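Next come the chains, spelled out residue by residue.
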Amino acid sequence: MKFIIDHIFLLAIVILSGGALLWPLLSMRGKRATVLEVTQLINRGKTIIVDVRAPEEFAKGHLPDAKNIPLPELAKRTGELEKFKTRPIVVVCQKGSRSATALAVLSKAGFTEATSLEGGIDEWSKQGLPLKTLSLAKPSLAK
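Every value quoted in this text rests on a predicted model; they were computed, and no experiment measured them.

Asks: Lay out the confidence of the model for the protein in plain terms, naming residues and giving numbers.
Replies: Confidence in the prediction of the protein, expressed as mean pLDDT, is 86, and 88% of residues score 70 or more. Throughout residues 137-143 the model reports pLDDT below 50, and contacts reaching past four residues in sequence, or to other chains, amount to 0 contacts.

Here it is in structure tokens:
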């Protein structure tokens, strides 16, 4: 007990620094799935993938068969996903933070099977898994 009293400031620093390290993990909302778990969900079929990044980010690389609904538009466009309410939905962004916010929007709209890809597209790419790209350039009329 004397040690704790003599070193209260040291103990406070340890507790605060530990809390600061754990905060990102504790503040994540909703269900999260690893790349392996998402791959298994996709392989089982009937999984909907919603990419909440901007169209420009989506065009640079996204999961195959992903539907792009940017996060700012998600609340207005949940009707597009209405028929998939009972199916597993995997929400994807670049690193996993926007998808956590998207989970809250989907949860509020009644989507109970929504999951966020932990680490996002960055983690998917690190695992060497395929991404599809889109060309935003308009086709040329010149022959």
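Still more to cover.
Asks: Report on the pattern of salt bridges, specifying residues and quantitative values.
Replies: Scanning all chains against the criterion turns up 9 salt bridges. Where K67 meets E80, a salt bridge forms, and the shortest distance between an N and an O atom there is 3.2 Å. In this pair, K67 sits in strand 3 (residues 67-68) while E80 sits in the loop between helix 5 (71-77) and strand 4 (89-92), placing the two residues 13 residues apart along the sequence. Beyond isolated ion pairs, a larger network of salt bridges with shared partners links K67, E73, R77 and E80.

Asks: Outline the sheet that holds strand 3, supporting the account with residue identities and numerical values.
Replies: A sheet is described by the order of its strands in space; here 5 strands give the open sequence 1-5-4-2-3, paired in parallel fashion. With one partner strand each, in any of the chains shown, strand 1 (32-33) and strand 3 form the two edges of the open sheet. Pairing of strand 2 (residues 48-51) with strand 4 involves 4 bridges; the strand directions are parallel. Looking at strand 4, one finds that V50 is bridged to V91. Set on the sheet, helix 6 (residues 97-108) makes contact with strand 4 and strand 5 (114-117); between it and strand 5 the angle comes to about 175°.

Asks: Hey, could you go over the nonpolar core for me, with residue numbers and the actual values?
Replies: Counting 16 residues, the largest nonpolar core has V50, V52, L74, L81, I89, V91 and L106 as its most contacted members. Of all the secondary-structure elements, those providing two or more residues to this core are strand 2, helix 5, strand 4 and helix 6. Broken down by element, this core gets its largest block of residues, 3 residues, from helix 6. With residues near it in sequence (within four places) discarded, L106 still touches L74, T78, L81, I89, V91, F111 and A114. Counting residues in each nonpolar core, the second largest holds 13 residues, with I49, F58, L63 and V92 among its members.

Asks: Could you give an account of the layout of surface pockets, naming the residues involved and the relevant values?
Replies: Its boundaries defined by the atoms lining it, the largest pocket holds a volume of some 190 Å³. Every residue along the wall of the largest pocket is listed here: T39, I42, N43, T47, I48, I49, P64, D65, W124, L129 and P130. Elements supplying a minimum of two residues to the lining of the largest pocket: helix 3 (35-44) and strand 2. For the lining of the largest pocket, the element with the highest residue contribution is helix 3, accounting for 3 residues.

What counts and what doesn't
- For every chain, the first residue of the written sequence is number 1, and numbering continues from 1 onward in sequence order.
- Residues qualify for local features only when their pLDDT is at least 70, as the model is predicted, and side-chain atom pairs are given and counted only at 80 or more; totals for whole chains, interfaces and linings, by contrast, use all residues.
- Values shown for side chains rest on all heavy atoms present in the structure; no hydrogens or waters enter the calculation.
- A residue's pLDDT is the predictor's confidence in that residue, given on a scale from 0 to 100.
- Contact between two residues is taken to exist if any of their heavy atoms lie within 4.5 Å; hydrogens are not considered.
- Criterion for a salt bridge: a side-chain nitrogen of Lys or Arg within 4 Å of a carboxyl oxygen of Asp or Glu.
- Helix and strand assignments follow DSSP, with helices taken as H or I runs no shorter than four residues and strands as E runs no shorter than two, numbered in order from the N terminus.
- Two strands form a pair only when DSSP identifies at least two bridges running between them.
- Interaxial angles span 0 to 180 degrees and are taken between N-to-C directions of axes, which are lines fitted to C-alpha atoms, for helices over the stretch in contact.
- Residues enter a nonpolar core if they are buried and are Ala, Val, Leu, Ile, Met, Phe, Trp, Tyr or Cys, with the set joined through side-chain atoms within 4.5 Å.
- Burial here depends on accessible area, computed with a 1.4 Å probe over protein chains only, as a share of the maximum for the residue type. Under 20% is buried, over 50% is exposed, and the range in between is partly exposed.
- Buriedness for pockets is judged along seven lines, at least five of which must meet protein on both sides within 12 Å for an open set on the 1 Å grid over protein atoms alone, while cavities are sets there where a 1.4 Å probe fits but cannot get out, and lining residues have an atom within 4 Å of a point.
- Grid points are joined across faces, edges and corners, and a volume is the space filled by probe spheres set on the points.

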